Amino acid sequence: MAGLTVLGEVLGSIALVFGVTILVTGVVRLAQVPFALVHEVRHRRLPDDAPIEAGSIFDAPPSVTVVVPAYNEEVVLENCLRSIMASDYPDFQVICVDDGSSDNTFAIAQRLAAELPGLTAVRQENAGKGAALNHGIGLSTGDVLILVDSDGVFGARTLTEMVRGFTDEQVGAVCGDDRPVNLDRVQTRFLALVSHVGTGLMRRALDVLHALPVVSGNTGAFRRDVLDQTGLLRTDTVGEDLELTWRIYRAGYRVAFRPTALVYAESPSTLRGLWRQRVRWARGLLQTVGHHGDMVGNPRYGFFGIYLAINYLTQVLVPFLQVLAIIVMVVIALLGTRENVPLGLWQLILFLGLPISVALLLLALWLDRAPEDLRHLWTLPLWPVYSALMTAVMLRAVWLEVSHAENRWNKLDRTGTVSIPPGGAGS
C-alpha cells in the first residue's frame, strides 16, 4: 500500500505540473479573445462578385507567381499543382522547382507543365527547400510571390484571398489558413481539431496586435518590393519561413493573417512524423532567435518585440521549468508525507483549465466556420498527452542545437490522402 501511495503522489505531481500549464495557457489565450473578435469585425468577408483587388492596396490585380518546391513528392504533387492551376485568379504563373528528387516528382511536374499553360517545371541539384524557393523566385515575374508546399490543396479563390490580405502599405507578407487534408487517422483528426486554436484564435489576435510571428510555409504571400529589401530565404536554417518573417518585421513591415485564404495540407499521420516535424519547428525557432536575438523583447519593434519575449518564455523556457517542477515535486513525494503534495489540487487545476481550453476551441471553430470538425471532439483526451509531447520536443531540440547536430529537413512521408470534397478548399 505504501508503494501505491508513493506512486499516486508521483503521478499526482506530474499531473499537477501539466494541469497548471494547461490552465495558464488557457488564461493567456483567453486574453487574446477580444483581439480575435476585433479581427473578425474588421475583416468582413467580401461578396463573391467583389473586385479581386477589393480592400487591398492594389489598384488592379497584381501579377502573381506561385513557387512550389518539391523533393520526392510524387504522391501529392499532381493534386497540388492541379488545384493551383484551377485558380480563378486572372494573372498568375506557377513555378515548380524539383530539388533533386530520386522519384518521379520531376517527371510529373514536366508532364503537367506540358499540359497546363502557365506552369513551369525546373530541376536543381538537391540543396534544400530554401534554395529551391530562391531558385523559383529568381525565375519569377510576379509582383506578389506566393510560396507554398507541394502537398497543399488550393481552392479556386485562395490566390485572390491572399492578394486581398495586403490591406495597407505596412503589410509586407500575408499568411493564409492551412488545415489538415488527411483525416483518416486518430492523430490527424486530433490535429485538425486543436489546430483551430492556433489559426482561428491566435493568428487573428496576433494580426490585430501586429505580432504574427511566422508566415506559414504552406501558404505565404510576399510583396516583391519587400523581398528586394529583406533578401531571399536563408539556406542554413530549418526554419527558413520563420526567419524570413522576422526579417520582414525588422525591415519595418508586418504580417497579416487572411483566414479566407484556405489551403489544405497533410498533417503528420504517425507519431514519429509528428515528433520529427515538431522538433524541426522547435529547432527553427531556436536558430531564428540565434540570428535575431536582439529583437526579442525589444520595444523598438513594437508589440512584436515584446511578444517574441513572451513566446520564447512559453516555448523554450517553460518546458525546462516543467521538468524542474516535476523533479522537485517527485522528490518531495518520495521523501515526505501525503500532505506534502496536495493530490486533490491537480484535479481542481484540470477542472478549471480544461473547460477554458475547450471553450476556446469551440470559439476558434466558430471563427473558422468549421462546425464539421466538431465530429473530432472525441479525440480531445489526447490533448494532455500532446502537451507533454511538446515539452519533450523542445528539450530534444535544445539538445540538438547545443550539440551542433546537422540540420535535417525530416520531410514527412506523404500518404496522398485527401479527405475533403472537390472544391472543399474554397473560401
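Note that the structure is a prediction, hence the values are computed from the model and not measured. Position numbers for residues start from 1 in each chain and track the written sequence from start to end. This being a predicted model, a pLDDT of at least 70 is required before a residue's local features are given, and a value of 80 or more before pairs of side-chain atoms are given or counted; all residues contribute to the totals for chains, interfaces and linings. Hydrogens are left out, water is left out, and the side-chain values use all remaining heavy atoms of the structure.

Q: Please provide a residue-by-residue account of the packing of aromatic side chains, values included.
A: Each pair of aromatic rings taken from Phe, Tyr and Trp, with Trp reduced to its six-membered ring, is defined by centres within 6.5 Å and is described as stacked if the planes are under 30 degrees apart, edge-to-face if over 60, and tilted in the remaining cases. Taken as a whole, this structure holds 4 aromatic pairs when the rule is applied. Ring geometry for F58 versus F166: centroids 6.0 Å apart, planes at 70 degrees, classification edge-to-face. Placement of F58 in the loop between α2 (33–42) and β1 (64–70) and of F166 in the loop between α6 (158–164) and β6 (171–180) is noted, with a sequence separation of 108 residues between them. The same class applies to F58 as to F166, namely buried. A centroid spacing of 5.4 Å and a plane angle of 70 degrees characterise the contact between F190 and Y386, whose relative ring orientation is edge-to-face. With a gap of 196 residues between them, F190 in helix α7 (residues 186–208) and Y386 in helix α13 (residues 383–402) connect regions that are remote in the sequence. F190 gets classed as buried once you look at its relative accessible area, which sits at 3%. Each helix is a run of DSSP H or I of at least 4 residues and each strand a run of E of at least 2, with the numbering of both proceeding from the N terminus. When a residue's accessible area, from a 1.4 Å probe over protein chains only, is under 20% of the maximum for its type it is buried; when over 50% it is exposed; and in between it is partly exposed.

Q: Please set out the confidence of the model for the protein chain residue by residue, giving values where relevant.
A: Confidence scores per residue from the predictor, reported as pLDDT, run from 0 to 100. Of the residues in the protein chain, 87% have a pLDDT of 70 or more, and the chain-wide mean is 88. Looking across the protein chain, the model is least confident in helix α1 (residues 2–30), with a mean pLDDT of 64, and most confident in β1, with 98.

Q: Which residues make up the pattern of salt bridges, and what values go with them?
A: Any carboxyl oxygen of Asp or Glu within 4 Å of a side-chain nitrogen of Lys or Arg constitutes a salt bridge here. Per the stated rule, a full pass over the model turns up 26 salt bridges. The salt bridge involving D98 is made with R123; its shortest N-O contact spans 2.6 Å. Of the two residues, D98 sits in strand β2 (residues 92–99) while R123 sits in strand β3 (residues 119–124), which places them 25 residues apart along the sequence. The buried category is assigned to D98, whose relative accessible area is 0%. Residue R123 is classed as partly exposed on the basis of its relative accessible area, which comes to 42%. Through salt bridges that share partners, E40, D177, R179, R204, D368 and R369 make up one connected network.

Q: I'd love a proper account of helix α5 (residues 129–139), names of residues and values included.
A: By the criterion of burial, α5 is predominantly enclosed, with 8 of the 11 residues buried. Residues of α5 that are buried: K129, G130, A131, A132, L133, N134, G136 and I137. Of the surrounding secondary structure, the elements contacted by the buried residues of α5 are β1, β2, β3, β4 (144–148), α8 (224–230) and α9 (240–250). A contact between two residues is defined here by any heavy atoms of the two lying within 4.5 Å.

Q: Tell me about the environment of H196, residues and numbers included.
A: Mapping H196 onto the fold places it in helix α7. Given the relative accessible area of 1%, H196 is considered buried. Discounting residues that sit within four places of it in the chain, H196 has contacts with R179, L201, L361, A364, L365, D368, A370 and D373.

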